[in-house]
There are 2 protein chains.
Amino acid sequence: MRIRTKDIAQKAGVSLGTVDRVLHNRDGVSEKSRKKVLAIMEELGYEPNRYASALASNRTLSFACLIPGHSEGEYWESVEEGIRGAVKDFADLGAHCAFFYYDSFDYSSFAVEGEKILGGDFDAVIIGPTVKEFTLPFTSSLDGKGTPYVFVDSFVSGSSPLAYYGQDAHSSGYFTGSIVLPLRVPFGGTIAVFETTRGKVTGSNQQILREEGFRRWIGKNGAEVILRKVDLPQDGDPSACRKVLKEFFSSNPDIKTGLFFNSRAYIVGEFILEEGVKDFDLTGYDLLPRNVGCLRKGAISRLISQRPLEQGYGAVKALTENIILKKDVKKENLMPIDLLTADNIDFYIR
Amino acid sequence: MRIRTKDIAQKAGVSLGTVDRVLHNRDGVSEKSRKKVLAIMEELGYEPNRYASALASNRTLSFACLIPGHSEGEYWESVEEGIRGAVKDFADLGAHCAFFYYDSFDYSSFAVEGEKILGGDFDAVIIGPTVKEFTLPFTSSLDGKGTPYVFVDSFVSGSSPLAYYGQDAHSSGYFTGSIVLPLRVPFGGTIAVFETTRGKVTGSNQQILREEGFRRWIGKNGAEVILRKVDLPQDGDPSACRKVLKEFFSSNPDIKTGLFFNSRAYIVGEFILEEGVKDFDLTGYDLLPRNVGCLRKGAISRLISQRPLEQGYGAVKALTENIILKKDVKKENLMPIDLLTADNIDFYIR
DNA sequence: GGCAATTCCGTGCACGTGCACAAAAACATC
DNA sequence: GATGTTTTTGTGCACGTGCACGGAATTGCC
């Protein structure tokens, strides 16, 4: 039978109130009673009933979530789905969440949305960070107010979040190297690295770190590989992309291997399908529906996943457990580096 | 603010009791009241507070778990850890679990332990099944008593569990083929398939299905590969194994690729480390500490994981949600086929 | 020893839901 | 329309914990 505070009180010869005070480190308890109650709690292995506790305390937990705006089928959609799932699971503990979106290509929008959050009355914040210069002012304001926050996706040094959920991007690039290169290098010494540009912005922190990791594998293993950057304009009409790709594939028939260090591998994958490009080995990130479609049809050879749902879920869970249940939470939570191909993808979806 | 039964009662102009009766589909409510309450519940989007509900109902949930006995560091230890973790998480809902172990090399022990469970008073059973002939009599007894059960690890057809948590073994063998063969076939046309034997028993259902899946890849892709079985005696002293392996490696210097379709790849991995065998590519299953040790040291090239922790956790969660919260649960839960190498293993441990 | 101040402790209500029992209303029978 | 029967509805306590309030015990001071 489960041990209750009542049982402890009985055995210690004190009242429920005293046990309660000991339990919550409140004063007004003699040293003698405190010792006795603690000893008996230890002896009987008391574990509080979190449900009864949540019910009695009757508090709410107001989250704010600040992440890049996104349209359907994009990476951040999955992170948000994970967050919403967790908030729903913890709704009985009083959790609810307001979402704020910034434009990842317009840094100042991060500050604008951040101000709204600072003005509101939130118990905790979940942040999908932008560049350091804009993230740190916001987190230090939160530090000032004593509002806890967690990062998802990427970590920004110089801040002190309660926790971080994301992938070790450098390691994931290194891993990509270890998988792709032994398999592909015999097919040709040049590898295409595709990048997408919008305005003046090319690539996030994570993307840059992944490429660094990939290059480190090359360096460490003395692979003789040339990386050729291919820049794809992402903002204008899609025909600009097509033009670049047509030009690339026709003038480089010897390049048989391509990489994306962001989630937009489908741009090339769908081109491959439409144009019937043969024997091109393409590696990308993230299980966007369009990427998965290409993977299934053979236009993308492999995808690396970083478990965005788990990131979002974990972030909310960590905050809830820390605030409501006052548990210590793990600070650094690095997602597994999953390798997906047409032959195992079915078991990662749904 | 969260909608309570009280709010519904107020708005419908009835008492809490009536709302409660509607909520639990009990009779003694006029059609008029039932309609009205249901309409308002719908309108306000009522979601019951599971905590308050669990607290008030004050019921317990007694699990029995019947799995193969295992010593430290073996596969089933992780499954059990997952089960224990879930039971702990749901302890506030009244969950607790008794464990029964059978000898997977002595089928009748399954029946013996099964009888104990049938004699006890359990609300649900978690089964790591043995062969069909011994599993079905047990599950049909459970069916007779109306006791729900779930399978972990493998599925036994002819039974009707509430859910199944495991890996599609055939697909995982197929996937192994797709990863290993393109990489390794140039290194030699013969591949060693290691098996371990104890008494007269060689290999579980899962192991056989994995090999079938592997062979299917070969067939489908017209790979010219010879599979050479290597039988390792697992019961006697370890020196018998060493002898077999010494003989194998010295007389087959051309075989550079090996496979285990069960979790004991460390037997060969540790031999490789001790004897300093070079350039042997070894693939195995499951993240046993000894396997992981070999993977990190390069003696095993890759491991396939089937997420035993999640299997155990999921099984308990499904039963709890079905019984206590009367939720529908997903019947077939196939684990992802994770590919682990020395370069991503760190992020799967812990 | 008397009194106040301080420290310590017990009691009671609340949280939202489940369930048993009692009360009320509706209906049936003569 | 009085009585009994069935259907429908309301009320109250319980679950384990949090918290506020007031009472009891102890201490300090003259």
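Draft legend 1. Spotlight on the environment of Val79 of chain A. Residue and element names in this part refer to chain A. Structurally, the position occupied by Val79 is in helix α5 (residues 75-89). Considering only alpha carbons, one finds Val79 and Ser251, 172 residues apart in sequence, at a separation of 39 Å. When neighbours within four sequence positions are excluded, Val79 is seen to be in contact with Val152, Pro308 and Gly312.

Draft legend 2. Geometry of the protein's contact with DNA strand D. Around DNA strand D, a shell composed of 24 residues is seen, among which His24, Tyr46 and Ala56 of chain A together with Ser15 and Ser33 of chain B lie nearest. A distance of 3.4 Å is found between a phosphate oxygen of DNA strand D and a side-chain nitrogen or oxygen belonging to Thr18 of chain B. The backbone of Leu55 of chain B places a nitrogen or oxygen atom 3.4 Å from a base oxygen of DNA strand D. Among the secondary structure elements, those contributing two or more residues to the surface near DNA strand D are α2 (16-23) and α4 (50-57) of chain A together with α2 (16-23) and α4 (50-57) of chain B. No other element matches α4 of chain A, which puts 4 residues into the surface near DNA strand D.

Draft legend 3. Structural context of the sheet that holds strand β9 (residues 281-285) of chain A. Residue and element names in this part refer to chain A. Taken in spatial order, the 6 strands make up an open sheet running β7-β6-β8-β9-β10-β12, and their pairing is mixed. At either margin of the open sheet sits one strand with a lone partner, and together these are β7 (226-233) and β12 (338-340). For this sheet, the mean angle separating the axes of adjacent strands, direction not counted, is 20°. Two strands pair when backbone bridges link them, and β9 and strand β10 (residues 302-305) are joined in this way by 3 bridges, in the parallel orientation. By the bridge assignment, Tyr285 is partnered in β10 with Ile304.

Draft legend 4. The arrangement of the nonpolar core in detail. If you look at the biggest cluster of nonpolar residues, it comprises 114 residues, and the most contacted ones within it are Ile126 and Phe194 of chain A together with Ile126 and Phe194 of chain B. Look past the residues within four positions of Phe194 of chain B in its chain and what remains in contact with it is Val230, Leu232, Leu245, Phe248, Gly258, Leu259, Phe260, Val268, Phe280 and Leu282 of chain B. The next biggest cluster of nonpolar side chains, apart from the first, holds 38 residues, and it includes Val180, Trp217 and Leu227 of chain A together with Tyr285 of chain B.

Draft legend 5. Region of interest: the interface of chain A and chain B. Counting residues at the interface gives 31 residues for chain A and 31 residues for chain B. For the pair chain A and chain B, the summed buried surface comes to about 2,900 Å²; carbon and sulfur atoms form 58% of the total. Three residues stand out in chain A for area buried against chain B, namely Tyr51, Asp92 and Phe347 of chain A, and they jointly supply 29% of the buried area on that side. Its salt-bridge partner being Asp92 of chain B, residue Arg50 of chain A comes within 3.5 Å of it at the nearest N-O pair. Contributing elements (two or more residues each) for the side of chain A that touches chain B: α4, α8 (169-184) and β12 of chain A. Ranked by residue count, the leading element in the side of chain A that touches chain B is α8 of chain A, at 6 residues. Of the residues belonging to the side of chain A that touches chain B, the class tally is 18 nonpolar, 5 polar and 8 charged.

Quick notes on the rules
- Residues numbered from 1 in each chain as written.
- Chains lettered and ligands numbered in written order.
- Predicted model: local features only at pLDDT ≥ 70, side-chain atom pairs only at ≥ 80, totals over all residues.
- Heavy atoms only, no water.
- Helix = DSSP H or I, 4+ residues; strand = E, 2+ residues; numbered from the N terminus.
- Contact = heavy atoms within 4.5 Å.
- Near = heavy atom within 4 Å.
- Polar contact = N/O pair within 3.5 Å; in protein donor to acceptor, adjacent residues only side chain to side chain.
- Pairing = 2+ DSSP bridges.
- Axes fitted to C-alpha atoms, helices over the stretch in contact; angles between N-to-C directions.
- Core = buried A, V, L, I, M, F, W, Y, C linked by side-chain atoms within 4.5 Å.
- Buried < 20%, exposed > 50% of the residue type's maximum accessible area, 1.4 Å probe, protein only.
- Buried area = accessible area lost by both parts, 1.4 Å probe.
- Salt bridge = Lys/Arg side-chain N within 4 Å of Asp/Glu carboxyl O.
- Nonpolar A, V, L, I, M, F, W, Y, C, P; charged D, E, K, R; others polar.

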